[in-house]
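# An overview of the molecular structure
Listed below, chain by chain, are the residues.
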Amino acid sequence: MSATTIASTRHGVSHRVENFTESVIREMTRLAMEHDAINLAQGFPDFAAPDFIKEAAIQAIREDVNQYSVTWGDPALRQAIAAKYQRIYHMPVEPDRHVTVCCGATEAMISTLIAVLNPGDETVIFEPFYENYGPDSILSGAQPRFVPLRPSPAGWSFDRDELAAAFNARTRAIIINTPNNPTGKVFTRAELEYIRDLCVRWDALAITDEIYEHILYDGRQHLPIATLDGMQERTITISGVSKTFSVTGWRIGWALAPEALANGIRKVHDFLTVGAPAPLQIGAAHAIDHGDEYCRRLAGEYAARRARLVPPLQAAGFNCQLPEGAYYVIAGIERFAEPGDGADTAFARRLVRETGVAGVPGSSFYHDPRLGQSQIRFCFPKQDATLDAAVARLRRLAPRR
Ligand SMILES: Cc1ncc(COP(=O)(O)O)c(C=O)c1O
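### Focus on the overall build of the protein chain
Looking only at helices and strands, the protein chain has 14 helices and 12 strands in total. For 401 residues, the compact-globule estimate of 2.2 N^0.38 gives 21 Å, and the protein chain sits close to it at 21 Å. The principal-axis extents of the C-alpha atoms in the protein chain amount to approximately 60 × 60 × 50 Å. Looking at the 401 residues of the protein chain, the share that counts as buried comes to 55%. Sequence-distant contacts, at least 24 apart, represent 75% of the contacts inside the protein chain between residues at least 6 apart. Entry remark: accessible area of the protein chain is about 17,600 Å², with carbon and sulfur atoms responsible for 51%. Positive and negative side-chain charges in the protein chain, numbering 42 and 47 respectively, have mean positions lying 4 Å apart.

### Focus on the site of the ligand
The environment of the ligand is formed by 13 residues, the closest being Ala105, Thr106, Asp209, Tyr212 and Ser242. Between an oxygen atom of the ligand and a side-chain N or O atom of Ser242, the distance comes to 2.7 Å. Isolated, the ligand exposes 400 Å² of accessible area, and the fraction of that covered by the protein chains is 93%. Counting residues per element, the shell around the ligand draws most heavily on helix α6 (residues 104-116), which supplies three residues. Its residues assigned to classes, the shell around the ligand shows five nonpolar, five polar and three charged.

### Digging into the pairing of strand β3 (residues 122-127)
Of all six residues in β3, six are buried, a share of seventy percent or more. Residues of β3 alternate between two faces, with Glu122, Val124 and Phe126 on one and Thr123, Ile125 and Glu127 on the opposite face, all of them buried. In this sheet, strand β4 (residues 143-148) lies alongside β3 in parallel orientation, the contact comprising six bridges. Note on β4: the bridge partner recorded for Glu122 is Gln143.

### As for the sheet that holds strand β6 (residues 205-209)
Taken in spatial order, the seven strands of this open sheet run β2-β8-β7-β6-β5-β3-β4, and their pairing is mixed. Two strands lie at the open edges of the sheet, namely β2 (99-102) and β4, each paired on one side alone. Strand-to-strand twist of the sheet, defined as the mean angle between neighbouring strand axes without regard to direction, takes the value 20 degrees. Here four bridges tie β6 to strand β7 (residues 235-240), and the two strands are oriented parallel to one another. Looking across to β7, one finds that Ala206 is bridged to Thr235.

### Considerations on the side chain of Glu191
In this structure, Glu191 sits in helix α9 (residues 189-202). Engagement of the side chain of Glu191 in a polar contact is seen with the side chain of Lys185, the distance being 2.8 Å.

### Things to note about the domain arrangement of the protein chain
With domains assigned, the protein chain is organised as domain 1 (3-48 + 294-395) and domain 2 (66-289). Between the C-alpha centres of domain 1 and domain 2 there is a distance of 23 Å. Taken together, the contact pairs 35 residues of domain 1 with 34 residues of domain 2. Its salt-bridge partner being Asp218, residue Arg306 comes within 3.0 Å of it at the nearest N-O pair. There are 15 residue pairs in polar contact (both at pLDDT 80 or more) connecting domain 1 and domain 2.

Cut-off values and rules
- Residues numbered from 1 in each chain as written.
- Predicted model: local features only at pLDDT ≥ 70, side-chain atom pairs only at ≥ 80, totals over all residues.
- Heavy atoms only, no water.
- Helix = DSSP H or I, 4+ residues; strand = E, 2+ residues; numbered from the N terminus.
- Rg over C-alpha atoms; globule rule 2.2 N^0.38 Å.
- Buried < 20%, exposed > 50% of the residue type's maximum accessible area, 1.4 Å probe, protein only.
- Contact = heavy atoms within 4.5 Å.
- Areas by Shrake-Rupley, 256 points an atom, 1.4 Å probe, with all protein chains shown as cover.
- Lys, Arg positive; Asp, Glu negative; His and termini not counted.
- Charge placed at Lys NZ, Arg CZ, Asp CG, Glu CD.
- Near = heavy atom within 4 Å.
- Polar contact = N/O pair within 3.5 Å; in protein donor to acceptor, adjacent residues only side chain to side chain.
- Nonpolar A, V, L, I, M, F, W, Y, C, P; charged D, E, K, R; others polar.
- Pairing = 2+ DSSP bridges.
- Axes fitted to C-alpha atoms, helices over the stretch in contact; angles between N-to-C directions.
- Domains from an automatic or database assignment.
- Salt bridge = Lys/Arg side-chain N within 4 Å of Asp/Glu carboxyl O.

Have a look at this one:
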């Protein structure tokens, strides 16, 4: 080994981390600030969180809930989560056996993957996928197999044979995100049943990220795969309060799992973070206990935001369809950018500098960047004035010659 190699090994980052690409969303947010652009890149609200939940957290701090809580979650929050799943989805969840409260769905996902995967295991991931699942797979040491979701006039869907071909004896888990970031897809009952049958056939787990469970459009209902026959014992259901209650900075999420798996997740969670912020857990418990009506209104509010952004995007020349859920839209940029490697990133940078709107280059959501080179993702958890200003700017965009 040469001296240079030794030096770079000792002082450089690990091989594992070397393979991470830095989050493009962060770069876009930085560029947006530099150019005073409207940030439709990072998926967080620019409006206030509801007062009833803020008050509960403030009260908890005043009452001195300021020390570590139980590692796997304050009993009041675990109770609130279990009661909610029972009330809304008729899912039997026990606070002491099944629930682990984590620092957001993000930590719930990585703690789960570390807890259930061994090196050499395979995971099945639909693509395009939420950015974190790439590094998550590397950290857990498993090998991901990607199955494409493709847009069609009827919405984004997968080919059943392609999905079946991705499963084999090494498959330990499939990661499902419904409602989906970035496509807006909501998996149908028939699709989830098909996935269930594959999980049962190959004795695989379903790890399901349901963080947008209350943001569905056009009368769609959320269906947790854990409620399908045969799935409760092989599903880890992940969600949180970030998106539902517009508190992405609180870092409260959870994983619901069969007891043996929950014990593993709790161990990883404990060593990674010790616990989620204690007073904010009390605020989250209050939100969940008293938030059903608020949650019912949420989808309508987001439908209005979707209507404010997506049809104008289509009229401006972006090739996109109405998302079925969540608060993102993937838009084709064929009309504005020459196709080619890096076209999406070049377009996104140009859009920030020249038009004053930030989005996320499509390549961020694919294992092979070329697959996303004709796409950009915009998000719409924004005030009307923000969305209107973005639309006014995007209308000025000139098509390529
Ligand atoms: C699919 C998906 N999962 C998880 C998260 C993050 O959730 P949390 O804030 O609870 O970590 C996001 C945020 O954008 C997301 O889009």
